[in-house]
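Residues per chain are reported as follows:
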Amino acid sequence: MSIEDHMRRAIALSLDMMRSGRGGPFGAVVVKNDKIVAEGFNQVTSRNDPTAHAEVVAIRLACEALDTFDLTGCEIFTSCEPCPMCLGAIYWARLGKIWYANDRTDAAKVGFRDDYLYREIPLSLANRAIPILPLLRAEGWAAFQEWDAKPDKVEY
């Protein structure tokens, strides 16, 4: 399959699942060695889960299919530029490349908040719309110290 075929599949998922009433107009596929290993579509409204974005769903399914949390060697094709949450998941999963169709300004034109979230990230914590406040830092640090000393930890 060509890279265009993979993107067409992501777009088809976005259309098919949106039309079925199962979510918003977003689809994604994870590809390894030119083969689709997982597909995802937006399921935010059908699952009442604000994290069920197409990319996150596709990443979860790819990790299950490949029995790993590390998707090195894979690429993701998504019908829209990933939002900050999905971008973070892509980086955590170590996907090697992101292909997208629509971008964040296109998403904003049809009512999605991706661009707004990207504008929030560079703001200082004090200037963000949702307050972010530290609490019990010393107690929280104890868990990190224990992790740091854990001899059998699996790093990710």
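For the structure, see preceding data.
What you see as residue numbers is a count from 1 along each chain, following the sequence as written. Whole-chain, interface and lining totals are the exception, using all residues; otherwise, since this is a predicted model, local features are given only for residues with pLDDT of at least 70 and side-chain atom pairs are given and counted only at 80 or more. The side-chain numbers reported here are obtained from all heavy atoms of the structure, hydrogens and water having been left aside.

So, the pattern of salt bridges
Here the idea is simple: oppositely charged side chains can pair when their charged atoms come close. Cut-off, in case you're wondering: Any carboxyl oxygen of Asp or Glu that lies within 4 Å of a side-chain nitrogen of Lys or Arg is treated as forming a salt bridge with it. Helix numbering and strand numbering both begin at the N terminus, where a helix is a DSSP run of H or I of at least 4 residues and a strand a DSSP run of E of at least 2. Whether a residue is buried, partly exposed or exposed follows from its accessible area with a 1.4 Å probe, protein chains only, as a fraction of its type maximum: under 20%, in between, or over 50%, in that order.
On inspection of all chains with the given rule, the structure shows eight salt bridges. As a salt-bridge pair, Arg104 and Glu81 come within 2.9 Å of each other at their nearest N and O atoms. Note that Arg104 is positioned in helix α5 (residues 104–109) and Glu81 in the loop between β3 (74–80) and α4 (84–93), a separation of 23 residues in sequence. On the basis of relative accessible area, Glu81 is assigned to the buried category, the value being 13%.

Remarks on α4
The test is simple: Between two residues, a contact is recorded if the distance between any of their heavy atoms is within 4.5 Å.
Taken residue by residue, α4 has Pro84, Cys86, Ile90 and Ala93 as its buried positions. The elements touched by buried residues of α4 are α3 (54–66), β3, β4 (97–102) and α6 (114–120). Immediately beyond the C-terminal end of α4, within one or two residues, lies Arg94, with a positive phi of roughly 65 degrees.

Digging into the environment of Val44
Looking at where Val44 falls in the secondary structure, it is placed in helix α2 (residues 44–47). With a relative accessible area of 24%, Val44 lands in the partly exposed category. With 104 residues separating them in the primary sequence, Val44 and Asp148 have C-alpha atoms 35 Å apart. When residues no more than four places from it in sequence are discounted, the contact partners of Val44 are Asp49, Pro50, Ala52 and His53.

Points about the sheet that holds β4
Spelled out, the test is: Each pair of strands is called paired provided DSSP finds at least two bridges between the two strands. Angles run from 0 to 180 degrees between N-to-C directions of axes, and those axes are lines fitted to C-alpha atoms, restricted for helices to the stretch in contact.
The mixed open sheet is built from four strands, whose spatial order is β2-β1-β3-β4. The two strands at the open ends of the sheet, each matched to only one other strand, are β2 (35–41) and β4. When strand polarity is set aside, the average angle formed by the axes of neighbouring strands in this sheet is 15 degrees. Bridging between strand β1 (residues 27–32) and β2 involves six bridges; their strand directions are antiparallel. In the strand pairing of β2, Lys32 is matched with Lys35.

Considerations on unusual backbone geometry
A positive phi angle, near 65 degrees, is found at Arg94, a position not held by glycine. One can find Arg94 in the loop between α4 and β4.

Overview of the packing of aromatic side chains
Cut-off, in case you're wondering: Pairing of aromatic rings covers Phe, Tyr and Trp, the last through its six-membered ring, and needs centres within 6.5 Å; plane angles under 30 degrees mean stacked, over 60 mean edge-to-face, and all others mean tilted.
This structure, assessed with the given rule, holds six aromatic pairs. When the ring of Phe69 is compared with that of Tyr156, the centres are 6.4 Å apart and the planes differ by 75 degrees; the resulting orientation is edge-to-face. Placement of the pair is Phe69 in the loop between α3 and β3 and Tyr156 in the segment after α7 (137–149), with a sequence separation of 87 residues. Judged by relative accessible area, which is 58%, Tyr156 ranks as exposed. Here the aromatic residues Phe69, Trp92, Trp147 and Tyr156 are joined through ring pairs into a cluster of three or more.

Quick look at the nonpolar core
Threshold: In this description, a nonpolar core means a group of buried Ala, Val, Leu, Ile, Met, Phe, Trp, Tyr and Cys residues linked to one another through side-chain atoms lying within 4.5 Å.
By size, the foremost hydrophobic cluster in this structure holds 17 residues, and its most contacted members are Val30, Ile59, Leu71, Ile76 and Leu95. Those elements that provide at least two residues to this core are β1, α3, β3 and α4. Ranked by residue count, the leading element in this core is α3, at five residues. Ignoring sequence-local partners within four residues, the contact set of Ile76 consists of Ala28, Val29, Val30, Glu55, Ile59, Ile90, Leu95, Lys97, Ile98 and Trp99.

Details of α3
Keep this limit in mind: Expected span of a helix, by definition, is 1.5 Å for each gap between consecutive residues, and there is one gap fewer than residues.
Under the 1.5 Å per step criterion, the end-to-end length of α3 is 18 Å for 13 residues, consistent within 8% with the ideal 18 Å. The inward-facing, buried residues of α3 abut β1, β2, β3 and α4. Backbone geometry just downstream of α3 places Asp67 in the positive-phi region, at approximately 55 degrees.

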